[in-house]
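Below are the chains, spelled out letter by letter.
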Amino acid sequence: IAGITQAPTSQILAAGRRMTLRCTQDMRHNAMYWYRQDLGLGLRLIHYSNTAGTTGKGEVPDGYSVSRANTDDFPLTLASAVPSQTSVYFCASRDSGLGDRGGYTFGSGTRLTVV
Amino acid sequence: GEDVEQSLFLSVREGDSSVINCTYTDSSSTYLYWYKQEPGAGLQLLTYIFSNMDMKQDQRLTVLLNKKDKHLSLRIADTQTGDSAIYFCAETGNTGGFKTIFGAGTRLFVKA
């Protein structure tokens, strides 16, 4: 089934540890995104990539880094986790060839708890 | 920056119509979207409307856009318990470059 796969599904992480959230899509979408979802705040964009080899900062990039070595993979790394990074993380992609009407395809999310 | 606002909760009885409202600030909005999020899942695109349209209907879903007031609504006819979810309004505009802004989501409770 075409879509986005995120791993892990959930994780409890000690503060100060490094963690990479994985995201893979098989739809050959050009654009990919990482959002965090917090109660009452909705979705906030962390980083994005319009095409392989390029990345950009979103609304809340501090403490996170991304890479886009190829079309399919867009990992998100927390270099040194802090409790405020406890959240549900969603990876999304979009077929930029459809223009804005394409909407986003979302993964099922990674629930991260930093203790 | 640009903003999208929604009420946080809505409760309706099964069989009634649900209306979820959204306001936005970006006057350059081109597309507006409604997404549905079920428990433990990611967001799923329900429908979208282009900014030069006033209304779009898709089976039980009706989207109304008042561009003058920057108001978007989603009406769900004959609401079922399976419609219980969080509904997100989102818009894409040219302000500050291509960017999609999401609202905080409206949690719809459907009472049997």
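Treat the numbers as computed from the prediction; the structure is a model and nothing was measured.

(A) Molecular detail of the sheet that holds strand E1 (residues 4-6) of chain B. Residues and elements named next belong to chain B. As summarised here, the arrangement of the five strands in space is E1-E3-E8-E7-E6, forming an open sheet in which the pairing is antiparallel. With one partner strand each, in any of the chains shown, E1 and strand E6 (55-58) form the two edges of the open sheet. Neighbour-to-neighbour, the strand axes of this sheet turn through a mean angle of 15°, independent of strand direction. Here six bridges tie strand E3 (residues 18-24) to strand E8 (residues 71-76), and the two strands are oriented antiparallel to one another. Residue Val19 lies in a different strand from E8, and its bridge partner there is Arg75.

(B) The state of the cysteines, seen in detail. Applying the stated criterion across every chain yields a total of two disulfides over all chains. Here A:Cys23 engages in a disulfide with A:Cys91; their sulfurs sit 1.9 Å apart. Here A:Cys23 and A:Cys91 share a disulfide; its torsion about the S-S bond, -70°, makes the bridge left-handed. Of this pair, A:Cys23 sits in strand E3 (residues 19-25) while A:Cys91 is found in strand E9 (residues 87-94), placing the two residues 68 residues apart along the sequence. What makes A:Cys23 buried here is its relative accessible area of 2%. In this model B:Cys22 forms its disulfide with B:Cys89; the gap between the sulfur atoms is 2.0 Å. What sets the handedness of the B:Cys22 and B:Cys89 disulfide is the S-S torsion sign, and at about -65° it is left-handed. Of the two residues, B:Cys22 sits in strand E3 while B:Cys89 sits in strand E9 (residues 85-93), which places them 67 residues apart along the sequence. The pair formed by B:Cys22 and B:Cys89 is uniform in burial state, with each residue classed as buried.

(C) View of the nonpolar core. Membership of the largest hydrophobic core comes to 20 residues, with the highest contact counts inside it found for B:Trp34, B:Leu72, B:Leu74 and B:Tyr87. Of all elements in the fold, only E3, strand E4 (29-37), strand E7 (61-66), E8, E9 and strand E11 (106-111) of chain B reach the threshold of two or more residues within this core. Sequence-distant contacts of B:Leu74, defined by excluding residues within four places in its chain, comprise B:Ser18, B:Val19, B:Ile20, B:Trp34, B:Leu46, B:Thr47, B:Leu61, B:Thr62, B:Val63 and B:Tyr87. Judged by nonpolar contacts, the second largest core, of 19 residues, contains A:Ile4, A:Ile46, A:Phe74 and A:Leu112.

What counts, and where the lines are drawn
Residues numbered from 1 in each chain as written. Chains lettered and ligands numbered in written order. Predicted model: local features only at pLDDT ≥ 70, side-chain atom pairs only at ≥ 80, totals over all residues. Heavy atoms only, no water. Pairing = 2+ DSSP bridges. Helix = DSSP H or I, 4+ residues; strand = E, 2+ residues; numbered from the N terminus. Axes fitted to C-alpha atoms, helices over the stretch in contact; angles between N-to-C directions. Disulfide = S-S within 2.5 Å. Buried < 20%, exposed > 50% of the residue type's maximum accessible area, 1.4 Å probe, protein only. Core = buried A, V, L, I, M, F, W, Y, C linked by side-chain atoms within 4.5 Å. Contact = heavy atoms within 4.5 Å.

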